[in-house]
Amino acid sequence: MRQYSLLIGIGILAVALVAVGLLLRPQGQFRGSLLDPPIPAPDFSLTQANGETFTLSAQKEKIVLLFFGYTYCPDVCPTTLADLAQVMKRLGRQSERVRVVFISVDPQRDTPERAQSYAAAFDPSFIGLSGTEADLQPVWNAYGVYRLVRDSESRGSDYLVDHSARVYLIDGKGNLRLTYSFGTPVEDLENDLRLILREK
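Residues numbered from 1 in each chain as written. Predicted model: local features only at pLDDT ≥ 70, side-chain atom pairs only at ≥ 80, totals over all residues. Heavy atoms only, no water.

## A closer look at the side chain of Ser-95
Positionally, Ser-95 belongs in the loop between helix H2 (76-91) and strand S5 (98-104). Of the polar contacts made by the side chain of Ser-95, one reaches the backbone oxygen of Gly-92; its length is 2.7 Å. (Helix = DSSP H or I, 4+ residues; strand = E, 2+ residues; numbered from the N terminus. Polar contact = N/O pair within 3.5 Å; in protein donor to acceptor, adjacent residues only side chain to side chain.)

## A word on the pairing of strand S9 (residues 167-170)
Across the two faces of S9 the burial is the same, with Val-167 and Leu-169 and Tyr-168 and Ile-170 all buried. Sheet topology places strand S4 (residues 63-69) next to S9; 4 bridges connect them, and they run antiparallel. The partner of Leu-65 across the bridge, within S9, is Leu-169. As judged from the 4 bridges shared by S9 and strand S10 (residues 175-180), these two strands associate in the antiparallel manner. Within S10, the residue paired with Val-167 across the bridge is Tyr-180. Counted between consecutive antiparallel strands, the loop separating S9 from S10 contains 4 residues, among which Gly-174 sits at a positive phi close to 85 degrees. (Buried < 20%, exposed > 50% of the residue type's maximum accessible area, 1.4 Å probe, protein only. Pairing = 2+ DSSP bridges.)

## Some words on helix H4 (residues 133-142)
Regarding H4, the residues found buried are Leu-136, Val-139 and Trp-140. Looking down the long axis of H4, one finds its buried residues gathered within 100 degrees of arc, a one-sided arrangement. Projecting away from the buried face of H4 at angles above 90 degrees are the exposed residues Ala-134 and Asn-141. The secondary structure elements touched by the buried residues of H4 are strand S2 (45-47), S4, S5 and strand S7 (147-150). (Arc of directions from axis to C-beta. Contact = heavy atoms within 4.5 Å.)

## Examining the sheet that holds S9
One key point about sheets: their strands pair by backbone hydrogen bonds, in either a parallel or an antiparallel sense. Spatially, 6 strands are ordered S1-S10-S9-S4-S5-S6 in an open sheet, and the strand pairing comes out mixed. Here the strands that pair on one side only, and so sit at the sheet edges, are strand S1 (33-40) and strand S6 (127-129). Neighbouring strand axes in the sheet, compared pairwise and without regard to direction, differ in orientation by 25 degrees on average. (Axes fitted to C-alpha atoms, helices over the stretch in contact; angles between N-to-C directions.)

## Regarding empty space enclosed by the protein
As enumerated under the stated definition, the model contains 1 cavity of 30 Å³ or more in all. When its volume is computed, the largest cavity comes out at roughly 90 Å³. Lining the largest cavity we find Thr-79, Thr-80, Asp-83, Leu-84, Ala-165, Val-167, Tyr-180, Ser-181, Phe-182, Gly-183, Thr-184 and Leu-189. Counting residues per element, the lining of the largest cavity draws most heavily on H2, at 4 residues. (1 Å grid on protein atoms, 1.4 Å probe; cavity = no way out; pocket = protein on both sides within 12 Å on 5 of 7 lines; lining within 4 Å. Points joined across faces, edges and corners; volume = space filled by probe spheres on them.)

## So, the packing of aromatic side chains
Taken as a whole and assessed by the stated rule, the structure comprises 8 aromatic pairs. Pairing Phe-44 with Tyr-143 gives two aromatic rings, centres 6.4 Å apart and planes at 80 degrees, and the pair type is edge-to-face. Note that Phe-44 is positioned in the loop between S1 and S2 and Tyr-143 in the loop between H4 and S7, a separation of 99 residues in sequence. Neither Phe-44 nor Tyr-143 differs from the other in exposure class; each is buried. On the basis of an interplanar angle of 45 degrees and a centroid distance of 5.9 Å, the ring pair of Phe-68 and Tyr-143 is categorised as tilted. Residue Phe-68 is located in strand S4, and its partner Tyr-143 is located in the loop between H4 and S7; the two are separated by 75 residues in the primary sequence. By relative accessible area, which is 6% here, Tyr-143 ends up buried. Cluster of aromatic residues (ring-pair linked, three or more members): Phe-44, Phe-54, Phe-68, Tyr-143 and Tyr-168. Looking at Arg-109, its charged tip hangs above the ring of Tyr-159, at a distance of 3.6 Å from the centre. (Phe/Tyr/Trp six-rings, centres within 6.5 Å; stacked < 30°, edge-to-face > 60°. Lys NZ or Arg CZ within 6 Å of the ring centre and 35° of its normal.)

## Describing the nonpolar core
Counting residues in each nonpolar core, the largest one holds 53 residues, and the members touching the most others are Phe-44, Leu-66, Phe-68, Ile-103 and Tyr-143. A total of 8 residues in this core trace back to one element, the largest contributor, which is H2. Non-local contacts of Tyr-143, meaning those with residues more than four positions away in its chain, are made with Ala-41, Pro-42, Phe-44, Leu-56, Leu-66, Phe-68, Tyr-168 and Ile-170. (Core = buried A, V, L, I, M, F, W, Y, C linked by side-chain atoms within 4.5 Å.)

## Some details on the pattern of salt bridges
Summed over the entire model, instances satisfying the criterion amount to 10 salt bridges. Notably, a salt bridge pairs Arg-177 with Glu-199, separated by 2.9 Å at the nearest N-O pair. Note that Arg-177 is positioned in strand S10 and Glu-199 in the segment after helix H6 (186-198), a separation of 22 residues in sequence. Given the relative accessible area of 11%, Arg-177 is considered buried. Classification of Glu-199 as partly exposed rests on a relative accessible area of 35%. Salt bridges linked by common partners bring Arg-90, Glu-187, Glu-190 and Arg-194 together as one network. (Salt bridge = Lys/Arg side-chain N within 4 Å of Asp/Glu carboxyl O.)

See below:
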């Protein structure tokens, strides 16, 4: 009985320590990798599935969360987009001021239509973009995106693409403000978006 009470006491103490840690966590501070000073986000234009042109600089007053991936990705891409969908839900009506943009690193398989359908499956507001390799290469270069197609010749259409997995946060003035590594907690993304949304 005494051992049982001890285990309960240890469990309560552990919960209390976690709660205190969360309370003591700095509030009002960015949790992503901050670019200080911010830099102008490289502009780009790509044709959407509906035939319209998406231009980054035209997203005035919108916060853009930019992510590069591919629709056949087995893990990183669906996990990241699912996390971003959670963030949008947490923001509620404020999510109307945020655009999540998914850009393919696999133009051989990802048409604009497929990229859009894939992104929208996580949240109807998400924008999926693709194009030819010639269209996309300048965008990948501008954002320092790493991309390596593995064994495409021997495996036909069943191949993997190694790629960098950062999320880029671009503010309403078109400045690249923060980046996030794969696995960044949803709470951290939400925190930073709320801070940016409060800015005039």
